[in-house]
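Coordinates in review
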Amino acid sequence: MIYLDHAATTRTAPEAVEAMLPYLTDYYGNAGGIYTLANDSRKAVSRARQTIAETLGAEPNEIYFTAGGTESDNWAVIAAYEACRHKGNHIITSKIEHHAVLRACEYLEKRGAEVTYLDVDENGIVDPERLDRAIRPDTVLISVMYANNEIGTIQPVREIGEIAAARGILFHTDAVQAYGQMPIRVGEDHIDLLSASAHKFNGPKGIGFLYISRNAKIGSFLHGGQQERGRRAGTENVPAIVGMEAAAQRACRIMEQKTAKEIQLRDYLIGRILREIPGSRLNGHPTQRLAGNINISFPSVEGESVLIMLDMRGICASGGSACTTGAVGPSHVLRAIGLPEELAKGAVRLTLGEENTMEEMDAVADALAEIVDRIRTLRL
Ligand code: PLP
């Protein structure tokens, strides 16, 4: 098998599994208890909070554990809006956000919010000047993702953060695809709220966090017990939190080396595809993109057919984001960068990870050339 769907999810790192095991077997205490067994869990949670905070240049009490990227995005967008509702009802986001942000905005629109969905350029970049011009006296939140899950485009987050800070507007960034893949400092980027999800950086599924700057006074999202300093109710998922900590440490440790390797593999595979498959087109920015992201369109070919034929050869890839698999119609991201429907439907996303090799890139390039040629011939 050749796994090229790391943007959808990643293999849980052995270090993460090893770190989790004792908390599934021996240290199973509820972190809220008063006895020693509970204390072991509590200590593990607070150590993980410290570790995660350090990776971002944040304080431990600014990290809140959640059930993943979707919850973090929903919490950030909905609670930030509610907290600032007395100041205004306008939100600015982009047309290429993940559905976890877009659907949360749509939910708020039904409750009186006005949302500006910013256009992006042909590479999928949000123009900070355009964003600045979209700000109104009643703007209370800006939510722009760090890096896109489909085309890998990395946004000018620092410039956006500076604009938001200068105007006194809360800035949320969905860093689910970026955290653990590139260095992020919340202070330097003027980020008030940041979402991340462990399964994207070799941690377990169903766990993530929301960074909430101490200056962002937003309310809780889940209501119940006093966990997470009363801001996120629910018994702490201690094994997953510990697994995410180990994965985060590992991701930071190997980041430089992993990025360099992925860029080399990525550019090699992109080069071969563009040279060898007539009409193929790279979607997203040529350089301002995640190290492991390749998104290519093949005219006169359905992306879906390519994926099925790749799967028959043991190659895992996807068309758009994992969450849009099975959805009909071209992806909202590819539409937003102005791709004609035919090219959007012919898009294939290949996302690399540290385990991929040059031999695999050659095998994938060969397979793609053959598959695209075959589909085109059969159609003629
Ligand atoms: N945001 C982005 C950019 C993503 O890529 C994803 C997952 O694909 C999510 C949010 C949702 O994260 P989770 O699967 O942890 O809910």
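Just so it is clear, the structure is predicted and the values come from calculations on it, not from any experiment.

Details of a negative patch on the surface
Side chains of Asp121, Glu122, Asp127, Glu129, Glu159 and Glu162 sit close together on the surface and give a patch of like negative charge. Mapped onto the elements of the fold, aspartate 121 is located in the loop between strand S4 (114-118) and helix H5 (128-134). The partly exposed category is assigned to aspartate 121, whose relative accessible area is 31%.

A closer look at the site of the ligand
Taken together, 13 residues sit near the ligand, with Thr70, Asp174, Gln177, Ser197 and Lys200 positioned nearest. One of the backbone nitrogen or oxygen atoms of glycine 69 is found 2.8 Å away from an oxygen atom of the ligand. One nitrogen or oxygen atom from the side chain of glutamine 177 is found 2.8 Å from an oxygen atom belonging to the ligand. In isolation the ligand exposes 390 Å². Once the protein is present, 89% of that is buried. With three residues, the single largest contributor to the shell around the ligand is helix H3 (residues 69-84). Residues of the shell around the ligand, tallied by class, amount to two nonpolar, eight polar and three charged.

Comments concerning the pattern of salt bridges
Per the stated rule, a full pass over the model turns up 24 salt bridges. As a salt-bridge pair, aspartate 189 and arginine 158 come within 2.7 Å of each other at their nearest N and O atoms. A residue pair is termed long-range when its members are at least 10 positions apart, and aspartate 189 in the loop between strand S6 (170-174) and strand S7 (193-197) and arginine 158 in helix H6 (residues 157-167) qualify at 31 residues. For arginine 158, a relative accessible area of 38% gives the class partly exposed. Arginine 266 is the salt-bridge partner of aspartate 267, the closest N and O atoms lying 2.9 Å from each other. Of the residues examined, aspartate 267 reaches a relative accessible area of 38% and is grouped as partly exposed. The exposure class of arginine 266 is buried, given its relative accessible area of 4%. Among the charged side chains, a network of salt bridges with common partners joins Glu15, Arg250, Arg253 and Glu354.

Focus on unusual backbone geometry
The residue histidine 190 is not glycine, and still its phi comes out positive at about 55°. Relative to the elements of secondary structure, histidine 190 occurs in the loop between S6 and S7. What makes histidine 190 partly exposed here is its relative accessible area of 33%. Positioned with a positive phi, serine 300 is a non-glycine residue whose angle comes to about 65°. By relative accessible area, which is 33% here, serine 300 ends up partly exposed.

Details of the sheet that holds strand S8 (residues 208-212)
One open sheet holds the seven strands; their spatial order is S2-S8-S7-S6-S5-S3-S4, and the pairing between them is mixed. If you trace the sheet from one side to the other, it starts and ends with strand S2 (63-66) and S4, each paired once. Strand-to-strand, the axes of this sheet are offset by a mean angle of 20°, without reference to chain direction. Pairing between S2 and S8: four bridges, direction antiparallel. Paired with isoleucine 63 across the two strands is tyrosine 211, which belongs to S8. This element, H3, spans S2, strand S3 (90-94), strand S5 (139-143), S6, S7 and S8 of the sheet and lies at about 165° to S7.

What about a nonpolar patch on the surface?
Together, Val17, Leu21 and Leu24 make up an exposed nonpolar region whose accessible area comes to about 260 Å². Among the structural elements, leucine 21 can be located in helix H1 (residues 14-25). For leucine 21, a relative accessible area of 45% translates into the label partly exposed.

What to know about the sheet that holds strand S10 (residues 293-297)
With antiparallel pairing, three strands are arranged side by side in an open sheet as S9-S10-S12. Looking at the sheet topology across the chains shown, the edges are occupied by strand S9 (281-282) and strand S12 (347-351). As judged from the two bridges shared by S9 and S10, these two strands associate in the antiparallel manner. The residue of S10 that forms the bridge with arginine 281 is serine 297.

Rules and cut-offs
Residues numbered from 1 in each chain as written. Predicted model: local features only at pLDDT ≥ 70, side-chain atom pairs only at ≥ 80, totals over all residues. Heavy atoms only, no water. Patch = residues over 30% accessible without salt bridge, like charges linked within 9 Å, V, L, I, M, F, W, Y side chains within 5 Å. Areas by Shrake-Rupley, 256 points an atom, 1.4 Å probe, with all protein chains shown as cover. Salt bridge = Lys/Arg side-chain N within 4 Å of Asp/Glu carboxyl O. Lys, Arg positive; Asp, Glu negative; His and termini not counted. Charge placed at Lys NZ, Arg CZ, Asp CG, Glu CD. Helix = DSSP H or I, 4+ residues; strand = E, 2+ residues; numbered from the N terminus. Buried < 20%, exposed > 50% of the residue type's maximum accessible area, 1.4 Å probe, protein only. Near = heavy atom within 4 Å. Polar contact = N/O pair within 3.5 Å; in protein donor to acceptor, adjacent residues only side chain to side chain. Nonpolar A, V, L, I, M, F, W, Y, C, P; charged D, E, K, R; others polar. Pairing = 2+ DSSP bridges. Axes fitted to C-alpha atoms, helices over the stretch in contact; angles between N-to-C directions. Contact = heavy atoms within 4.5 Å.

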